[in-house]
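Letter by letter, the chains look like this.
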Amino acid sequence: MPVYALVDANNFYATCEKIFAPELMDKPLVVLSNNDGCIVARSAEAKALGIPMAAPIHQHRHFCQQHGVVIKSSNYTLYGDMSARMLSILQDMCPRVESYSIDESFLDMAGFPDITKYAYEIRRQLRRQVKLSCGIGIGPTKTLAKFANHIAKNQLYWGGVFNALDHPSDMLDALMAQYPVSEVWGVGRRLTVRLNADGINTVLDLKHCGPIAIRKRYGIVLEKTVRELNGESCLAIAEVGEPRQQIMASRSFGTVTQDVDAIKTAICHHVSRAAEKLRQQHSVAQHVYVMVRTNPFRDQDVPYRRTTLVPLAYPSADTAILMSAALAGLQQIFRPGLKYHKCGVMLGQIAPVGNVQPDLFSPSDDPKRLRLMALMDNINRVHGSNMLRFASLDLSNSWRMRAGGRSPCYTTDWRALPVVFCR
DNA sequence: TCTGGGGTCCTAGGACCC
DNA sequence: TCTGGGGTCCTAGGACCC
């Protein structure tokens, strides 16, 4: 029988910040999204003050000042490195791991003896080695492991580990009856409204729905969810290392801009980042999507949102080729006089380098250019990102995002190593 | 004044073919 | 006068996740 464990770090971003700033250990702390826009993580103390998730910070700045809440910009270099350390510990303790998000992993624990005891040991190791506190939920399907994780985090009695397989089904049903259907993994805002209108209010209500009827009314995704709630595994582990099918890079501008040159620079910057990721997974792309938009939250601005797809003549991972395609796309969708708020690119139709057979009629990247790209990636890896870059990235700096309260990159930059004083 | 970014999967509908 | 229907492929967009 399949057994899945979901390991989820508590208040991940907030905890990463506190690990390297012990003076903040008991203080309420929030972490902001890119561009210092909204709140994306809260420490336990900040949650206790009632600060909501995903709220724009400007609506709560006054409250935070009044209550001494520490406000940090997000530092994805630090969180990404802490996440990699967490993942490596999990991979040491379990051979099949899916890194589901920056702070969550699914473990395939089928065949493990005494799984609950082992989960407590995983939790202990994560705390000892990287100072992260985790909740672990265990169940026969991913959806049930998610639900069990929710119990592990919300009911302190279980000490951070809840194994659905340890308990009789009537007890699990009683737990499911306590939680709203919106807590189910895969049930978002829209589905919740529709389900509630159909009289399906709790997790248990959804579990008791017929999968066929659900498929007819809501589609195959929710059907799988219902089956999973009933213990029938429909979603398998996707192991670490599978290449991405789309690679995106997008950002809001620090301040809105009408300047086409600023947007061009930003687009080149995004292409550069996406292409680096593309080469890192040894792939090539055949489509470049370009996106620009104005600020949808400002009623006084003309709403404008366009994407366009630029197909390449042949699949490529050459930054220069991807850039010129993206700039051609931008030219199609840029309208003068609008106040642009965000732009981005997405690479699509991605395939492994080896799958592309070069011949007379289907050309591929010039090997010399590929060596140049590899050299650039290597230099940037060793000496810091953007040490070697395309000149087009320097045309204008006016699009860059705000990040006023970012902490140092303690674990990835020699110059930012934490300093310890001994008395 | 100030509202993130990066993914996945599914579906509806258009274009095209025979 | 009367002008099909079914299949495939592709894309845009929606819903979800963290």
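Reading the values: the criteria
- Residues numbered from 1 in each chain as written.
- Chains lettered and ligands numbered in written order.
- Predicted model: local features only at pLDDT ≥ 70, side-chain atom pairs only at ≥ 80, totals over all residues.
- Heavy atoms only, no water.
- Helix = DSSP H or I, 4+ residues; strand = E, 2+ residues; numbered from the N terminus.
- Buried < 20%, exposed > 50% of the residue type's maximum accessible area, 1.4 Å probe, protein only.
- Polar contact = N/O pair within 3.5 Å; in protein donor to acceptor, adjacent residues only side chain to side chain.
- Contact = heavy atoms within 4.5 Å.
- Near = heavy atom within 4 Å.
- Nonpolar A, V, L, I, M, F, W, Y, C, P; charged D, E, K, R; others polar.
- Pairing = 2+ DSSP bridges.
- Axes fitted to C-alpha atoms, helices over the stretch in contact; angles between N-to-C directions.
- Core = buried A, V, L, I, M, F, W, Y, C linked by side-chain atoms within 4.5 Å.

Tracing the backbone through its elements, the reader meets K18 in helix α1 (residues 12-19). Taking the relative accessible area as the measure of exposure, K18 reaches 6% and is therefore buried. Among the polar contacts listed, one links the side chain of K18 to the backbone oxygen of M25, at a separation of 3.0 Å. A polar atom in the side chain of K18 sits 2.8 Å from the backbone oxygen of K27. Excluding residues within four positions of it along the chain, K18 makes contact with L24, M25, D26, K27, L29, S43 and E45.

Take the protein's contact with DNA strand B next. The local shell around DNA strand B holds 25 residues, among which Q246, M248, S250, R251 and S252 are the closest. Restricting attention to atoms of DNA strand B within 4 Å of the protein, one finds that 72% of them are sugar or phosphate atoms. The separation between a phosphate oxygen of DNA strand B and a polar side-chain atom of K342 is 3.3 Å. Secondary structure elements with two or more residues in the surface near DNA strand B: α11 (220-229), β9 (247-257), α12 (260-280) and β12 (340-348). Here the surface near DNA strand B gets six residues from one element, more than from any other, and that element is β9. Broken down by class, the residue content of the surface near DNA strand B amounts to eight nonpolar, 10 polar and seven charged.

Moving on, we get to the sheet that holds strand β3 (residues 39-42). Strand pairing within a sheet occurs via backbone hydrogen bonds; the two strands may be parallel or antiparallel. Pairing within the open sheet is mixed, and its three strands lie in the order β3-β2-β4. For this open sheet the edge positions go to β3 and β4 (70-72), each flanked by a neighbour on one side alone. In this sheet, adjacent strand axes meet at a mean angle of 25° when their direction is disregarded. Pairing geometry for strand β2 (residues 29-32) and β3, over three bridges, is antiparallel.

For DNA strand C, the set of nearby residues contains 15 residues, the closest of which are S101, D103, K146, G186 and L191. The contact atoms of DNA strand C, taken as those within 4 Å of the protein, divide so that sugar and phosphate hold 100%. Within the contact set of DNA strand C, a phosphate oxygen lies 3.0 Å away from a backbone nitrogen or oxygen of G186. In this structure, a phosphate oxygen belonging to DNA strand C sits 3.2 Å away from a main-chain N or O atom of V187. Taken together, the elements giving at least two residues each to the surface near DNA strand C come down to β5 (97-101), α8 (189-197) and β10 (283-294). Broken down by element, the surface near DNA strand C gets its largest block of residues, three residues, from α8.

This part covers unusual backbone geometry. The backbone phi angle of N35 is positive, close to 70°, even though this residue is not glycine. By the secondary structure assignment, N35 is in the loop between β2 and β3. The buried category is assigned to N35, whose relative accessible area is 7%. Positive phi outside glycine occurs at A54, with the angle close to 65°. With respect to the helices and strands, A54 occurs in the loop between α2 (44-48) and α3 (61-66). The exposure class of A54 is exposed, given its relative accessible area of 51%.

Another point: the nonpolar core. A general feature of soluble globular proteins is that nonpolar side chains tend to end up buried together. Formed by 38 residues in total, the largest nonpolar core has its most connected members in I263, I267 and L347. Elements supplying a minimum of two residues to this core: β9, α12, β10, β11 (305-316), α13 (319-333), β12 and α14 (367-383). For this core, the element with the highest residue contribution is α12, accounting for eight residues. The residues contacting I267, other than those within four sequence positions of it, are V290, A326, L327, L330, C343, G344 and V345.

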